[in-house]
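If you want the building blocks of each chain, they are given just below.
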Amino acid sequence: MSKEANDADIDVDISDEQQDWRFLNAIDRSGQSLPKRGEKDYEPDGTGLQVSTLAESRAAMYKALEGERKHSSKNHVSATWFGYIGKARVDVVAGPHFMTMGKADSSGVIWLLPEEVIYLVERGSMECWWPEGAPMSLQAVYSTCIKAMGDIEKLQVYSYLRKIGFIVQRATSYDPDFRVLEQRKLEREEALINMRNKAGYSGLLRRSFLMGYNNCVVSPLSFISRQLARRAATSNSTLLWRSVYRSYESIYSELNIIPCHRPPHLEAEVSDLDIEEPAAPFRVMFDVWKPGSTFKKASPGKPDYRIVVVSARDDKMPSLNQTASLFASVPVSETTKDKSQMQRLKEGWRTVILAVVDAGIISLFKLSDVGFGDEKMYIRPPPKPRAPRTRKNQSKKS
Amino acid sequence: MKKSLNQLYGSPLPLVVRPLPPIIPHNPLSWIFWLWEYWFPEPEYNLYDGILHALVLPSETTFYVRIDNGSDINSLWSMGFFGKGTLSRSEPSWYTRTARRLGLQGGEQMTSEEVTAARREERKKFKMMRAQAEAEELARRKKLDEMKEVWAGQDSDSVSTLVDEESKLTSTGVASEAGDSKHELTRTLEESQPAQAAAVLVESSASPEVSGNHATVIRFEDQSIIDSNNKLIQQEYLQLMPQEAFFLSYGLGVLRITDHVTGKPLTSEELLTRFVSANPRFLSQYAVYHHYRSLGWCVRSGVKFGSELLLYKRGPPFSHAEFCIRILTSPGDEQHDWWWNTSIGRVVGGVKKGLVFCYVQGNDTENTAKILDASEGYSIKDILGSYQIREVVYRRWIATRNRD
């Protein structure tokens, strides 16, 4: 899909639409590429064409469901659930699932977390056993694993993201005793050392220089003549008081009196001094990678998204302090600085995704740490009709 | 079109800027000229007049500021898009529209309301064409059904033609043809320019010379708004939000506001006293307004989109608003539930704007008390500087669209 089309459709959720199941037939025939969806009809129009389309679609769906699901003995996976540690030990490892799931201990035995157990059992990929040697029923898996997870919302978010293809791992901050901010501080120091080595420090210096730079041109006499001018005219205390302004930039910089938040643009700029450790539920629960990524369990790299799970009924919107803690617990996005001004304002420098769950229905929000104070709309001059020429002339003049 | 917009709305604020003259190194005269301009600038400023009106109700008092002078109205609108015309959608255009209707002088310009009306007309046409295309398609399908019935018992030859026809319909026919015609229609709609259509509309019906073929109806009540020189009398004024009025008078110092009862000009402190007494949240609301104005945004009320403010890149004639600002005071009213959040998010997302929660930290109660208790002096700049602003953007995230 082209980038533009993607942007335009970004708010359309495919799963909201009614499926035309005939596309399953096309899969059967060609085997490879996904077919296009048909046009949606809104009401019966009484024609034979519509009736036969519907019948075909229904038949295709049944045919797809009728397909026999086979387990080859080569891919047979079984695990044993150990309630006292809340994990399942994989006894027979097979198939592609363990590229992205489970964690091996020092002796090479793979252990699965409860959400992973449910996911694998649910999709028929694994058999789960009690330690006593009896097979666990599906109901038993659900009841023990959900209990081990604490609540059902996290599980619902995990299995939703897994089912649509994402690679999902528990974030380290899943553990409420883990000090996220301390960890982030260590990472930052490392990043700073790396940056110094790469001599990228000049960028940081340049920015702090620009922040202190004020291009306001003041003529001394206009300072004296202020009483004759604006203030005298209004006989009033006003914010702007000079009789003459040489540029709109100087006006705007004098108007700038309200302190505002400036999100860090680089890891090295992060200084979360008085920020509290994020508290549940506003802690990152899952690290998520896009389906296509070359994910390695041993060195997963930076996740594409970080998911916080919230219950719609029990939790309200995070307060400012909670949001600040949450942003402090994630690293600065490396791609933001190369984006356009408008995109920087929309996507922000640090992002977290909030999964709000109400009785199984998951609503996702992207929260972005943005800084309007850093983006001066007046700096870019209004677009001129003959842009390249006039701009050249102007720069010569000034 | 764009060029004339730049000419019409060149200044982002109602202030005159005097750039220093260029220095030409080989021309000493230009040095002297530069020095003269640097040391002895001619003071240049605009001063507009506004009147503060109070709407006194038993439960509360609301203040609003109105601008009556025609050239002041034009300047405040065209330089920064301040205020709203009381008889128009936003830009005060009643005079133009009415002058055209009555065939008087001053109705030559095209107004934004007319551009919108022309666009609505285009859309209506498009929808009619689409309905017609759909009806034709339905008729075709029904005819096919009839043919099927008639030919049901006939020879295999005609049946095979029928099968051909149907497969055409089902495989490529319906999907692509119907789709194509829809795309075609959409494209026509996108390409047609409502502004041009409106211009044609204006040209044909508006200018007094041409209006011969378009009879002007002057109603009885119209006579009272036409003066003896056959000119239309302005009935519209510009109404400013309290934030806009305070920004223009205190922030820029270009608006002199007079109390309509006493007829005396008000100082910034007097004006602020009235605004904070009518609205205990005025200070934090103003701080947010001032913040975005000082960054170069054109800021207008966002009441139509369930939010406090709208941010335009340059102004309404140039583009749609980019952001909706919802102000949350922290600590205080920041912790809303998710139902509240999605109701705003869906409205704002539906009109393709960004939703910004703007958290303001500051003590309205204490600052308001300081202002109302005039015994102690205070600096407005210091009070505004005690507010802290932080923005968080919320956007609906659709997992299936972010898999790449």
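- As recorded by an unreviewed UniProt entry, chain B carries the name tRNA-splicing endonuclease subunit Sen2 and is attributed to Sugiyamaella lignohabitans.

- Looking up chain A in an unreviewed UniProt entry gives the name Sen54p, with the organism given as Sugiyamaella lignohabitans.
- According to the UniProt record, the Sequence similarities (unreviewed entry) comment for chain A reads "Belongs to the SEN54 family."

### A look at the overall build of chain B
Point 1. Secondary structure summary: chain B contains 13 helices and ten strands in total.
Point 2. Going through the 404 residues of chain B one by one, you find that 43% of them count as buried.
Point 3. The long-range fraction of contacts in chain B, counting pairs at least 24 apart against all pairs at least 6 apart in sequence, stands at 64%.
Point 4. Per element, the accessible surface of chain B, about 21300 Å² overall, is 55% carbon and sulfur.

### Let's talk about the packing of helix 8 (residues 242-251) of chain B against helix 9 (residues 268-278) of chain B
Residues and elements named next belong to chain B.
Point 1. It is at 10 Å that the axes of helix 8 and helix 9 come closest, and there the two elements cross at 170 degrees. One finds that helix 8 runs roughly antiparallel with respect to helix 9. Regarding helix 8 and helix 9, the two cross each other, and that crossing is left-handed. Of the residues in helix 9, those touching helix 8 at Pro242, Ala245, Phe246, Ser249 and Tyr250 are Ser268, Leu271, Leu272 and Phe275.
Point 2. In terms of residue class, the contact of helix 8 with helix 9 is built from seven nonpolar, two polar and no charged.

### Quick notes on the packing of aromatic side chains
Point 1. Under the counting rule described, the total for this entry stands at 32 aromatic pairs over all chains.
Point 2. Centre to centre, the rings of A:Tyr158 and A:Phe286 are 5.8 Å apart; their planes meet at 50 degrees, and the pair counts as tilted. Taken together, the positions of A:Tyr158 in helix 6 (residues 152-163) and A:Phe286 in strand 7 (residues 286-289) put the pair 128 residues apart, joining distant regions of the chain.
Point 3. When its relative accessible area of 0% is taken as the criterion, A:Phe286 is described as buried.
Point 4. An aromatic cluster is present here, built from B:Phe63, B:Phe82, B:Phe246, B:Phe247, B:Tyr250, B:Phe275, B:Phe282, B:Tyr286 and B:Tyr289 joined pairwise through their rings.

### Topic: the pairing of strand 1 (residues 48-56) of chain B
Residues and elements named next belong to chain B.
Point 1. Relative to strand 5 (residues 255-259), strand 1 runs parallel, the two sharing five bridges. Residue pairing for strand 5: tyrosine 48 is matched across the bridge by leucine 255.
Point 2. Judged from the six bridges that link them, strand 1 and strand 2 (residues 61-67) form a sheet pairing that is antiparallel. Bridge pairing in strand 2 places leucine 52 opposite valine 65.
Point 3. Between strand 1 and strand 2, which pair antiparallel one after the other, the connecting turn spans four residues.

### Observations regarding the sheet that holds strand 7 of chain A
Point 1. Taken together, ten strands build an open sheet; the order of strands is 6(A)-7(A)-8(A)-9(A)-10(A)-10(B)-9(B)-8(B)-7(B)-6(B) and the sheet is mixed. Every interior strand has two partners, whereas the edge strands, strand 6 (167-170) of chain A together with strand 6 (298-301) of chain B, have only one. Taken over all neighbouring pairs, the strand axes of this sheet differ in orientation by 30 degrees on average, direction set aside.
Point 2. With four bridges connecting them, strand 6 of chain A and strand 7 of chain A associate as antiparallel partners. Counterpart to A:Gln169 in the pairing with strand 7 of chain A is A:Asp287.

### What to know about the UniProt feature "domain: tRNA-splicing endonuclease subunit Sen54 N-terminal" (unreviewed entry) in chain A
Point 1. Residues annotated in UniProt with the feature "domain: tRNA-splicing endonuclease subunit Sen54 N-terminal" (unreviewed entry) correspond here to residues 62-130 of chain A.
Point 2. Structurally, residues 62-130 of chain A is divided into 20% helix and 30% strand, and its ends, taken at the C-alpha atoms, are 35 Å apart.

### Regarding the pattern of salt bridges
Point 1. For the structure shown, the criterion picks out 29 salt bridges over all chains.
Point 2. For B:Asp404, the salt bridge identified is with A:Lys290, shortest N-O distance 2.8 Å. Of this pair, B:Asp404 sits in the segment after strand 10 (388-396) while A:Lys290 sits in the loop between strand 7 and strand 8 (305-311), which puts the two residues in different chains.
Point 3. Overall, the relative accessible area of 78% leaves B:Asp404 in the exposed class.

The rules behind each value
- Starting afresh in each chain, residues are numbered from 1 along the sequence in its written order.
- Chain A is the first chain written and ligand 1 is the first ligand written, with later ones labelled in order.
- In keeping with the predicted nature of the model, local features appear solely for residues at pLDDT of at least 70, side-chain atom pairs appear and are counted solely at 80 or more, and the whole-chain, interface and lining totals rest on all residues.
- The basis for every side-chain value is the complete set of heavy atoms in the structure, and neither hydrogens nor water enter the calculation.
- UniProt positions are given in the numbering used here, feature names are shortened, and annotations may be inferred rather than shown by experiment.
- Secondary structure elements follow DSSP: runs of H or I no shorter than four residues count as helices, runs of E no shorter than two count as strands, and numbering proceeds from the N terminus.
- Note on exposure labels: buried denotes an accessible area under 20% of the residue type's maximum, exposed denotes more than 50%, and partly exposed covers the range between, all computed with a 1.4 Å probe on protein chains only.
- By definition, residues are in contact when any of their heavy atoms lie within 4.5 Å.
- Each accessible area is a Shrake-Rupley result for a 1.4 Å probe, and residues are judged covered by the shown protein chains and nothing else.
- Working convention: axes come from line fits to C-alpha atoms, limited for helices to the stretch in contact. Angles between N-to-C directions cover 0 to 180 degrees.
- Between 65 and 115 degrees an angle is taken as roughly perpendicular, under 35 as roughly parallel, over 145 as roughly antiparallel, and anywhere else as oblique.
- When the near helix sits turned anticlockwise from the far one by under a right angle, the crossing is termed left-handed; a clockwise turn instead gives a right-handed crossing.
- Following the grouping adopted for this structure description, the nonpolar residues are Ala, Val, Leu, Ile, Met, Phe, Trp, Tyr, Cys and Pro, the charged ones are Asp, Glu, Lys and Arg, and the polar ones are all others, Gly among them.
- Two rings from Phe, Tyr or Trp (for Trp, the six-membered ring) form a pair when their centres sit within 6.5 Å of each other. Planes less than 30 degrees apart are called stacked, planes more than 60 degrees apart edge-to-face, and all others tilted.
- One bridge is not enough; two strands pair if DSSP finds at least two bridges between them.
- Salt bridges are counted wherever a side-chain nitrogen of Lys or Arg sits within 4 Å of a carboxyl oxygen of Asp or Glu.

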